[in-house]
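What the coordinates show
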Number of protein chains: 2
Amino acid sequence: MALEIVSRARCFGGSQFVYRHASTATGTSMRFSAFVPPQAERAKVPVVWFLSGLTCTEENFTVKAGAQRMAAELGLMVIAPDTSPRGDGVPDDPEGAYDFGLGAGFYLDATLDPWARHYRMRAYIEQELPALVAATLPADAGRQSIMGHSMGGHGAITIALRNPGRFASVSAFAPICAPTRCPWGKKALLGYLGADRALWRQYDSCALIEDGKRLPGLLVDQGTADSFLNEQLHPELLEAACAAAGIPLTLRRQEGYDHSYFFIETFMEDHLRHHAAALGAPVRG
Amino acid sequence: MALEIVSRARCFGGSQFVYRHASTATGTSMRFSAFVPPQAERAKVPVVWFLSGLTCTEENFTVKAGAQRMAAELGLMVIAPDTSPRGDGVPDDPEGAYDFGLGAGFYLDATLDPWARHYRMRAYIEQELPALVAATLPADAGRQSIMGHSMGGHGAITIALRNPGRFASVSAFAPICAPTRCPWGKKALLGYLGADRALWRQYDSCALIEDGKRLPGLLVDQGTADSFLNEQLHPELLEAACAAAGIPLTLRRQEGYDHSYFFIETFMEDHLRHHAAALGAPVRG
């Protein structure tokens, strides 16, 4: 499992890397970005995962979210993976839709052909990439948190629910809270998994909570001017599920903010401080 | 001179706009971005101009530089124009080179055909756009500062030198310090202005200083790992010109940093604080 450096740039005293590697989970070459803070020169540092939304690659978060400043101050490594397999032989939505296929892996393992061969982002993000990061980067695998945006907020919360104890803290920006009950989610789940809705529940935050999965707590920011809010995101369903399960949820409705990275960068510092507090950073300064 | 809103997003309590308008200077439609800080709800705010480098539009700075956070805190409007005219009838480099034509206006008024008709970025940035901003946005035209990156650093410094008293402070990231003496600059000056080198001096920071133009002072950051440093940028020539003229120059050679926005975002806070101090911000909080 060798990492190839695609690019490296000094940033806030640390280094912003983009790496490429061969993935056994997806059967493709995969790219991810890693911000390595200056504290990593002396010791392994905690890791915060950021899972991106529809249409994104590893680049959007890396160049737009402005996370490096606080990550450098707090001593956090931040990993941003791609959102789907890509490359020769990887099928895309037959009509080129932005919400299925390339850029829309939905952090699940597809079971239907032709998707099942490469669309295995759950195995990649849950198992393969954490092992690779722990083996090759100065990451303290015992201290991890996870966050994400939109489809990646769905990914962050569902991965945390299915892996109790792995993450010290979980947060999301405008997550898709109930994929089994919104158009984006239903299209993806039907397309990748088929019509058996029982299989869908492992990829729905609200359903996982209803089925007994738990989180230590959850920070969610949601813009009130988000054009996807009413049809796709449904934070009220997450609110109800957390309330019923006794999961501490801090859901902040941010007046006038939309779905863009201008929203994400505004609240990135809050999220990183939230994770750093849970992870016990600043670390080994 | 009507402004059309291309996009608007809430960001750090202010608003990030992209505007489009018909330009008389360039004879085209032009776009620029404007971050309007929350302080502008109550009174006009100082303006900081950011001029971008080769290949950029107004978007690169706006989504990558992370300037909005400090601009919101300090009460600064930040304007980022495009780097050339664009659209039907605007000629480009015949070979599509990145360093001439579209994306490479070099903040000058071309005199040679076919460039002279539309390539008038000096008139646009020096005269037309400031008047438009002052007339239509909550900008205090009496309090302005200017900065830029690479080709835009050249633009910021030369515009300030040619307009003494207009800007309270001037700064640059990795500026092209002496266009008359580097390949990028010589290609642009020859192509847009012709072979008469006397005409080139008004677009060369070092030459302008040698010819008696003055600045109140200058902050420049330059990465030592910048791949364009030795051939194109020549900060040592600016250093010599400022020393000979008695212009206070703070030139910081930043170890290991390259030419990218990861470099710019790292030092953006320093530059905005520098400008805010000169402008007397935080303003009317």
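Placed above this text is the structure.
The following paragraphs examine the structure supplied in this document. Since we're looking at a predicted model, the values are computed, not measured. (Residues numbered from 1 in each chain as written. Chains lettered and ligands numbered in written order. Predicted model: local features only at pLDDT ≥ 70, side-chain atom pairs only at ≥ 80, totals over all residues. Heavy atoms only, no water.)

1. Some thoughts on the sheet that holds strand β2 (residues 14-22) of chain A
The strands making up a sheet associate through backbone hydrogen bonding, with each pair oriented either parallel or antiparallel. Residues and elements named next belong to chain A. The mixed open sheet is built from nine strands, whose spatial order is β1-β2-β3-β5-β4-β6-β7-β8-β9. The open sheet is flanked by β1 (4-11) and β9 (249-254), the only strands paired with a single partner. Adjacent strand axes in the sheet meet at a mean angle of 20° when their direction is disregarded. In the sheet, strand β6 (residues 139-149) pairs with strand β7 (residues 167-173) via five bridges, with the strands oriented parallel. (Pairing = 2+ DSSP bridges. Helix = DSSP H or I, 4+ residues; strand = E, 2+ residues; numbered from the N terminus. Axes fitted to C-alpha atoms, helices over the stretch in contact; angles between N-to-C directions.)

2. Structural notes on the environment of E58 of chain B
Residues and elements named next belong to chain B. As for its position among the elements, E58 is in helix α1 (residues 58-64). When the C-alpha atoms of E58 and F32 are compared, they prove to be 5.4 Å apart, with 26 residues separating the residues in sequence. Excluding anything up to four places from it in sequence, E58 contacts V18, R31, F32, S33, A80, P81 and D82. Here the side chain of E58 touches R31 through a polar contact of 3.3 Å, side chain to side chain. (Contact = heavy atoms within 4.5 Å. Polar contact = N/O pair within 3.5 Å; in protein donor to acceptor, adjacent residues only side chain to side chain.)

3. A closer look at unusual backbone geometry
A cis geometry characterises the amide bond from D113 of chain A onward to P114 of chain A, with omega recorded as 0°. Residue F106 of chain B is not a glycine yet carries a positive backbone phi of 60°. Tracing the backbone shows F106 of chain B in the loop between β5 (77-81) and α3 (121-136). Despite not being glycine, Y107 of chain B shows a phi value in the positive range, around 55°. Looking at where Y107 of chain B falls in the secondary structure, it is placed in the loop between β5 and α3.

4. Thoughts on the environment of F50 of chain A
Residues and elements named next belong to chain A. With respect to the helices, strands and loops of the structure, F50 is situated in strand β4 (residues 45-51). C-alpha of F50 to C-alpha of P81: the two residues are 31 residues apart in sequence and 7.4 Å apart in space. Not counting residues up to four positions away in its chain, the partners in contact with F50 are F61, I79, A80, P81, M147, G148, H149, F173, Y261 and M268.

5. A word on the interface of chain A and chain B
In this assembly, 23 residues from chain A lie in contact with 23 residues from chain B. Buried surface at the junction of chain A and chain B, summed over both partners, amounts to about 1,700 Å²; 59% is from carbon and sulfur atoms. Together, R10, F12 and F262 of chain A form the three largest contributors to the area buried by chain A at its contact with chain B, with a combined 33%. The tally of links from chain A across to chain B stands at six residue pairs in polar contact (both at pLDDT 80 or more). Top contributing element to the side of chain A that touches chain B by residue count: helix α9 (residues 261-279) of chain A, with five residues. For the side of chain A that touches chain B, the residue count by class is seven nonpolar, eight polar and eight charged. (Buried area = accessible area lost by both parts, 1.4 Å probe. Nonpolar A, V, L, I, M, F, W, Y, C, P; charged D, E, K, R; others polar.)

6. What to know about the relation of the copies chain A and chain B
Turning chain A through 180° and shifting it by 0.0 Å along the axis lays it on chain B, with an RMSD of 0.0 Å. Between the two chains, the operation in question is that of a two-fold axis. Using C-alpha coordinates, one finds that chain A approaches the rotation axis most closely at K64 of chain A, a distance of 2.6 Å. Mapped onto chain B, 100% of the interface residues of chain A are again interface residues, and the two copies thus contact each other with one and the same surface. (Least-squares fit on C-alpha atoms with pLDDT ≥ 70 in both.)

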